[in-house]
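# Structural overview
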Amino acid sequence: RTDSDWIVGGYAFYDRTSSIYSHRYDQASFGAELLNIDWGFRINGYFPSRGTFPVTNLNAVQQAVVRNDNLAIANTQEKAYVGGDFEVGRLLKSDPEGLLELRGFVGGYAFDRSGQGYRSIAGPRGRLEMRVYDLAFLGNGSRVVTGFQMQWDQVRNVQGWFLLSVRIPLGLQSSPPLDRSQRRMLSPIVRPPASKAPRFAASMIPPPPPEHTMKRW
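Worth saying up front: this structure is predicted, and the values here are computed from it rather than measured.

The next subject is the packing of aromatic side chains. Across all of its chains, the model carries seven aromatic pairs by this definition. Ring centres of Tyr25 and Phe53 lie 5.3 Å apart, and the angle between their planes is 85°; on these two criteria the pair is classed as edge-to-face. You can see Tyr25 sitting in strand β2 (residues 24-35) and its partner Phe53 sitting in strand β4 (residues 53-54), a full 28 residues away along the chain. Geometrically, the ring pair formed by Tyr46 and Phe111 is stacked, given 5.7 Å between the ring centres and 25° between the ring planes. Residue Tyr46 is located in strand β3 (residues 39-48), and its partner Phe111 is located in strand β8 (residues 100-112); the two are separated by 65 residues in the primary sequence. Judged by relative accessible area, Tyr46 falls into the buried class, the value being 5%. Taken together, the aromatic side chains of Trp6, Trp39 and Phe41 make up a single cluster linked through ring pairs. Taking the ring centre of Tyr133 as reference, the NZ or CZ of Arg183 above it sits at 4.8 Å.

Have a look at this one:
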C-alpha cells in the first residue's frame, strides 16, 4: 500500500490439469494489480507446458485427405494455449459508508498457439458486480458479491455467466469493522473460471507429403 492509497500487488500460480483426452498439462501464471477505492487495474499471463499430444481417443475426429494423388489420414493433435487477459474496473455507485458498492469492469483476453490449424482466441470481456460488506448476520469483515460477466470471441461466440461469492470472517470474537482501504486490500485475485478460459485445442494435422507419388495416366 502506497502513501497515496494505491494498493500494488503481484501473484503467481502453478496449475496442473488434464484435458478431455486425458493429457496432463502444467501451467504457470503471473499477474499484477493496482487498486484504490475508485479504480482497479489487473493483468494476467498464462504459460502452459508446450507439449504436443496425439489424440488417440476413438471419438476423435479423423479426416481423409488427398495429397499428390495419394489418400492419407489427417491425425488430430492437442496443445495448450498461451495468452493473457487484462481489465480496468471503476466504482460506479456507493453509499456514504461504502458498505454497498456497484462496480463495473471492462477488459479483454487473447490466447494463441503456434502450429497449423490452431485458431487464435481473442475478444472483449465485461463484468458488473454488486458488493455488500459487514452484513449483520455474518459479522464485520463479511462480504457478499453478486454479478454477471460476458465475453465474446470469434471462436466461441458470446458467453455469459453469473457470479456469487461469500466471505465469512473466522474468529470467536467480533472484530472491529474495516475501513474502505482495508476492505479493498482484501479484494480477491481475479482470474477467469477454468471452464471459461481457453485451455486446450485439438487440431487436424495433415500428413507430410509422401516420398513417392502415383502417376496419373
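Take the layout of surface pockets next. The space that makes up the largest pocket amounts to roughly 490 Å³. Every residue lining the largest pocket is counted, 25 residues in all, and those nearest its centre are Arg127, Glu129, Leu163, Ile189 and Val190. Of the residues belonging to the lining of the largest pocket, the class tally is 12 nonpolar, three polar and 10 charged.

For the rest of this paragraph, the subject is the pattern of salt bridges. For the structure shown, the criterion picks out 12 salt bridges. The residue Arg42 makes a salt bridge to Glu87 at a minimum N-O spacing of 3.0 Å. Note that Arg42 is positioned in strand β3 and Glu87 in strand β7 (residues 82-94), a separation of 45 residues in sequence. The partner of Glu87 in a salt bridge is Arg127, and the shortest N-O contact between them spans 2.8 Å. Here Glu87 is found in strand β7, whereas its partner Arg127 is found in strand β9 (residues 121-133), with 40 residues between them in sequence. Given the relative accessible area of 9%, Glu87 is considered buried. One salt-bridge network, held together by shared partners, links Glu33, Arg42, Glu87, Arg127, Glu129 and Arg131.

Cut-offs and rules
Throughout this description, residue numbers start from 1 for each chain and increase along the sequence as written. For a predicted model such as this one, the threshold for reporting local features is a pLDDT of at least 70, and the threshold for listing and counting side-chain atom pairs is 80 or more; totals across whole chains, interfaces and linings nevertheless cover every residue. Excluded from the side-chain calculations are hydrogens and water; all other atoms, namely the structure's heavy atoms, are used. Each Phe, Tyr or Trp ring (for Trp, its six-membered ring) is paired with any other whose centre lies within 6.5 Å, and the angle between the two planes then decides the class: stacked below 30 degrees, edge-to-face above 60, tilted in between. Only DSSP runs of H or I with at least four residues qualify as helices, and only runs of E with at least two residues qualify as strands; both kinds are numbered from the N terminus onward. To sort residues, take the accessible area from a 1.4 Å probe on protein chains only and compare it with the maximum for the residue type: under 20% means buried, over 50% means exposed, and anything in between is partly exposed. The criterion is that NZ of a Lys, or CZ of an Arg, lies within 6 Å of the ring centre and within 35 degrees of the ring normal, and then a charge sits over that ring. Put simply, the grid is 1 Å and covers the protein atoms alone, a cavity is a trapped set of points that fit a 1.4 Å probe, a pocket is an open set with protein on both sides within 12 Å along at least five of seven lines, and lining residues have an atom within 4 Å of a point. Grid points are joined across faces, edges and corners, and a volume is the space filled by probe spheres set on the points. Here the nonpolar group is Ala, Val, Leu, Ile, Met, Phe, Trp, Tyr, Cys and Pro; Asp, Glu, Lys and Arg are the charged ones; every other residue, Gly included, is treated as polar. Criterion for a salt bridge: a side-chain nitrogen of Lys or Arg within 4 Å of a carboxyl oxygen of Asp or Glu.

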